[in-house]
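Okay, here's what each chain looks like letter by letter:
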Amino acid sequence: MQVILKQNVANLGRKGELKNVKEGFFMNYLRPRNLADVATPDKVKGAQEMQKREVVQHERVRELASKIKEQLDNLKIVLKAKAQGDKLYGAITEKAILDAVEEKIKVRLEKKDLGLSEHIKVAGIYEIPVRLAEGVEAKFTLEVKAEK
């Protein structure tokens, strides 16, 4: 039987997709959990329209991410932190980095977008990767200066 998925279902498909499933799977798993509906002609048409809108929305997000990428690729941020030699007393947090980026280019990024593998605890120059959207990644330079 054909169904339209209402939500993403692991190992089956994404929201709005038309799928062929066995009737027992639909009756015992998908319908009780409100994950899918029976595919009627009207619902199929609605799902196709929804997928078209999602494609347009996805393209807008990618365009915006590309513009932000251009700004980030040329960005150099300098942060100062108290240190003994090159070793910082604390660590440079994601929040401090995000605040500095927002102050510099007026774009608020999310903590999950930063690709920091570990906290920055030593003065130096770092390349910080940023994931802006699916397939759009940028890097900016962060210089941490030690001050006494």
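Peer 1: For this particular structure, what's the right way to read the nonpolar core?
Peer 2: One broad rule of soluble globular proteins: the nonpolar side chains tend to lie buried together. Within the largest apolar cluster, 24 residues are counted, with the highest numbers of intra-cluster contacts made by L72, I77, I92, I97, V101, F140 and L142. Among the elements of the structure, α2 (41-73), β4 (76-84), β5 (87-92), α3 (94-105), β7 (124-133) and β8 (136-147) are those that each provide at least two residues to this core. The dominant element in this core, judged by the number of residues it contributes, is α3, at five residues. Within the second largest apolar cluster, eight residues are counted, among which are L5, V21, L30 and L35.

Peer 1: Would you mind showing me how to read the sheet that holds strand β6 (residues 120-122) here?
Peer 2: Sheet strands pair by backbone hydrogen bonding; their relative direction is either parallel or antiparallel. The strand order across the open sheet built from five strands is β6-β5-β4-β8-β7, with neighbouring strands paired in mixed fashion. The open sheet is flanked by β6 and β7, the only strands paired with a single partner. Going from strand to strand, the sheet's axes swing by 30 degrees on average, the running direction of each strand aside. Sheet topology note: the β4/β5 ladder contains two bridges and is antiparallel. Each bridged residue has a counterpart across the sheet, and for Q84 the counterpart in β5 is K87. Helix-sheet contacts for α3 involve β4, β5, β6 and β8, and the interaxial angle to β4 is about 145 degrees.

Peer 1: What am I meant to see in α3 here?
Peer 2: Every α-helix winds through 3.6 residues per turn, so residues three or four apart in the chain are directed the same way. The terminal C-alpha atoms of α3, which comprises twelve residues, lie 16 Å apart, in line with the 16 Å expected from a rise of 1.5 Å per residue. Taken together, the buried positions of α3 are occupied by E94, I97, L98, A100, V101 and I105. The arc enclosing the buried residues of α3, seen along the axis, measures out at 160 degrees, which places them on a common side. Facing away from the buried side of α3 by over 90 degrees, the exposed positions are K95 and E103.

Peer 1: Is there a simple way to think about the pairing of strand β1 (residues 2-5) in this case?
Peer 2: The side chains of a regular strand alternate, first on one face of the sheet and then on the other. Here β1 pairs with strand β2 (residues 18-20) via three bridges, running antiparallel. Considered in β2, the bridge of V3 is made with K19. Pairing of β1 with strand β3 (residues 36-38) involves three bridges; the strand directions are antiparallel. Bridged to V3 within β3 is V38.

Peer 1: Explain the pattern of salt bridges to me, please; I cannot follow it from the model alone.
Peer 2: Where charged atoms from two side chains of opposite charge approach closely, those side chains can pair. Taken as a whole and judged by the stated rule, the model has nine salt bridges. Among the ionic pairs, K6 bridges to D37, the shortest N-O distance being 3.5 Å. Of the two residues, K6 sits in the loop between β1 and β2 while D37 sits in strand β3, which places them 31 residues apart along the sequence. Take D37: its relative accessible area is 24%, and that puts it in the partly exposed class. Salt bridges sharing common partners tie together K95, D99, E102 and R108.

Peer 1: Honestly, the packing of aromatic side chains in this entry has me stumped. Any pointers?
Peer 2: The relation between two aromatic rings is expressed through the spacing of the ring centres and the mutual angle of the planes. Scanning the model with the defined rule gives one aromatic pair in all. Look at F25 and Y29: their rings are 5.3 Å apart centre to centre, the planes differ by 10 degrees, and that puts the pair in the stacked class. In this pair, F25 and Y29 both sit in helix α1 (residues 23-30), four residues apart, roughly one turn of the helix. Accessibility expressed as a relative area gives 34% for F25, which makes it partly exposed.

About the thresholds
Residues numbered from 1 in each chain as written. Predicted model: local features only at pLDDT ≥ 70, side-chain atom pairs only at ≥ 80, totals over all residues. Heavy atoms only, no water. Core = buried A, V, L, I, M, F, W, Y, C linked by side-chain atoms within 4.5 Å. Buried < 20%, exposed > 50% of the residue type's maximum accessible area, 1.4 Å probe, protein only. Helix = DSSP H or I, 4+ residues; strand = E, 2+ residues; numbered from the N terminus. Pairing = 2+ DSSP bridges. Axes fitted to C-alpha atoms, helices over the stretch in contact; angles between N-to-C directions. Contact = heavy atoms within 4.5 Å. Expected span 1.5 Å × (residues − 1). Arc of directions from axis to C-beta. Salt bridge = Lys/Arg side-chain N within 4 Å of Asp/Glu carboxyl O. Phe/Tyr/Trp six-rings, centres within 6.5 Å; stacked < 30°, edge-to-face > 60°.

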